[in-house]
Amino acid sequence: MSRLPTPAYDQMTDAQREVHDAITSGPRGSVRGPFLAWIQTPEMAMQAQKLGEYFRFNTSISRDLAEIAILVTGAHYKAEFEWWAHVRFAHEEGVSEEITEAIRLGREPVFEDIKAKCVYETARALNTHHRLTDDEFALARQVLGETGLMDVIGLCGYYALVSLTLNVYEMDTPDGSRAFD
């Protein structure tokens, strides 16, 4: 059960309503997941939702690659809600169930696409070792480019914040499912 009750709109402060309205009028359409916690600190929530909108919808890398980085991060933190939300998006973007299941189980997936493999390896190294070796950096830079590499770093950092928030507040999945028991 979530540790954080959902505030009723009419009980929110003006600043909280501003964040709520910014989120619901944008591509997300609703306030859920980490935003339910972040809205308690409206200034932080507004900045986080803007950054999240970039990482969720506007990165330089394709959506399937972004979802791989998000899933690697969510699995690293065993963030149930994060996994629940993004495994669907990954499948919609063409990431196979074999790949997502391997990520969930902590096994190395088999990739046919060099960029997908590079995103996975970069995200895994960042979450596991918190840095890239010289060889990992050179390969990521070559395969993803400077902007692509920075976007993978940002995706991992942003979704670490998301995952930690979800875990601290024990946010349940809407259907009660669990991926990391």
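Before going into details, it helps to say that this report is about the structure given with it. (Residues numbered from 1 in each chain as written. Predicted model: local features only at pLDDT ≥ 70, side-chain atom pairs only at ≥ 80, totals over all residues. Heavy atoms only, no water.)

### Things to note about the packing of aromatic side chains
Each aromatic ring pair is specified by the distance between its two centres and by the angle formed by the two planes.
Next, step 1: As enumerated under the stated definition, the model contains eight aromatic pairs in all.
Next, step 2: Between Trp 38 and Tyr 158 the ring centres are 6.0 Å apart and the planes differ by 70 degrees, which places this aromatic pair in the edge-to-face class. Within this pair, whereas Trp 38 is found in helix 2 (residues 34-38), its partner Tyr 158 is found in helix 8 (residues 134-168), the two being separated by 120 residues in sequence. Both residues of the pair, Trp 38 and Tyr 158, belong to the buried class.
Next, step 3: Taken together, Phe 35, Trp 38, Tyr 54, Phe 55, Tyr 158 and Tyr 159 form an aromatic cluster joined through their ring pairs.
Next, step 4: Arg 56 extends its terminal NZ or CZ atom over the ring of Phe 89, reaching a point 3.9 Å from the ring centre.
Next, step 5: Between Arg 88 and the ring centre of Trp 84, over which it is positioned, the NZ or CZ distance is 4.3 Å. (Phe/Tyr/Trp six-rings, centres within 6.5 Å; stacked < 30°, edge-to-face > 60°. Helix = DSSP H or I, 4+ residues; strand = E, 2+ residues; numbered from the N terminus. Buried < 20%, exposed > 50% of the residue type's maximum accessible area, 1.4 Å probe, protein only. Lys NZ or Arg CZ within 6 Å of the ring centre and 35° of its normal.)

### Focus on helix 8
Next, step 1: For helix 8, with 35 residues, the first-to-last C-alpha span of 34 Å runs short of the 51 Å given by 1.5 Å per residue.
Next, step 2: Maximal helix bending in helix 8 amounts to about 110 degrees, located at Gly 145.
Next, step 3: One or two positions beyond helix 8, positive phi appears at Glu 170, with a value near 45 degrees. (Expected span 1.5 Å × (residues − 1). Bend = angle between axes of the 7 residues up to and from the residue.)

### Overview of the packing of helix 4 (residues 63-76) against helix 7 (residues 114-129)
Next, step 1: Between helix 4 and helix 7, whose axes approach to 9 Å, the crossing angle comes to 30 degrees. Comparing the axis directions of helix 4 and helix 7 gives the class roughly parallel. Note on packing geometry: the crossing formed by helix 4 with helix 7 is right-handed. Along the contact surface, helix 4 presents Leu 65, Ile 68, Ala 69, Val 72, Thr 73 and His 76, while helix 7 presents Lys 115, Ala 116, Val 119, Tyr 120, Ala 123, Arg 124 and Asn 127.
Next, step 2: The class makeup of the residues in the contact of helix 4 with helix 7 is eight nonpolar, three polar and two charged. (Axes fitted to C-alpha atoms, helices over the stretch in contact; angles between N-to-C directions. Parallel < 35°, antiparallel > 145°, perpendicular 65-115°, else oblique. Left-handed = near helix turned anticlockwise from the far one by under 90°. Contact = heavy atoms within 4.5 Å. Nonpolar A, V, L, I, M, F, W, Y, C, P; charged D, E, K, R; others polar.)

### What to know about the pattern of salt bridges
Next, step 1: Throughout the structure, instances matching the rule amount to nine salt bridges.
Next, step 2: Two residues, Lys 117 and Glu 108, come together in a salt bridge whose shortest N-O distance is 3.5 Å.
Next, step 3: Measuring nitrogen to oxygen at the nearest pair gives 2.6 Å for the salt bridge that ties Arg 178 to Asp 181.
Next, step 4: Arg 178 sits in the exposed class, given a relative accessible area of 52%.
Next, step 5: A network of salt bridges, in which partner residues are shared, links Arg 56, Arg 63 and Glu 67. (Salt bridge = Lys/Arg side-chain N within 4 Å of Asp/Glu carboxyl O.)

### Focus: the nonpolar core
Next, step 1: Within the largest apolar cluster, 53 residues are counted, with the highest numbers of intra-cluster contacts made by Ile 68, Trp 83, Ile 103 and Leu 155.
Next, step 2: Counting residues per element, the ones that place at least two in this core are helix 1 (14-24), helix 2, helix 3 (42-57), helix 4, helix 5 (80-92), helix 6 (97-105), helix 7 and helix 8.
Next, step 3: When residues in this core are grouped by element, the largest group, 11 residues, is from helix 8.
Next, step 4: Those residues within four positions of Ile 68 in sequence are excluded, and the remaining contacts are Val 95, Ile 103, Phe 111, Ala 116, Val 119 and Tyr 120. (Core = buried A, V, L, I, M, F, W, Y, C linked by side-chain atoms within 4.5 Å.)

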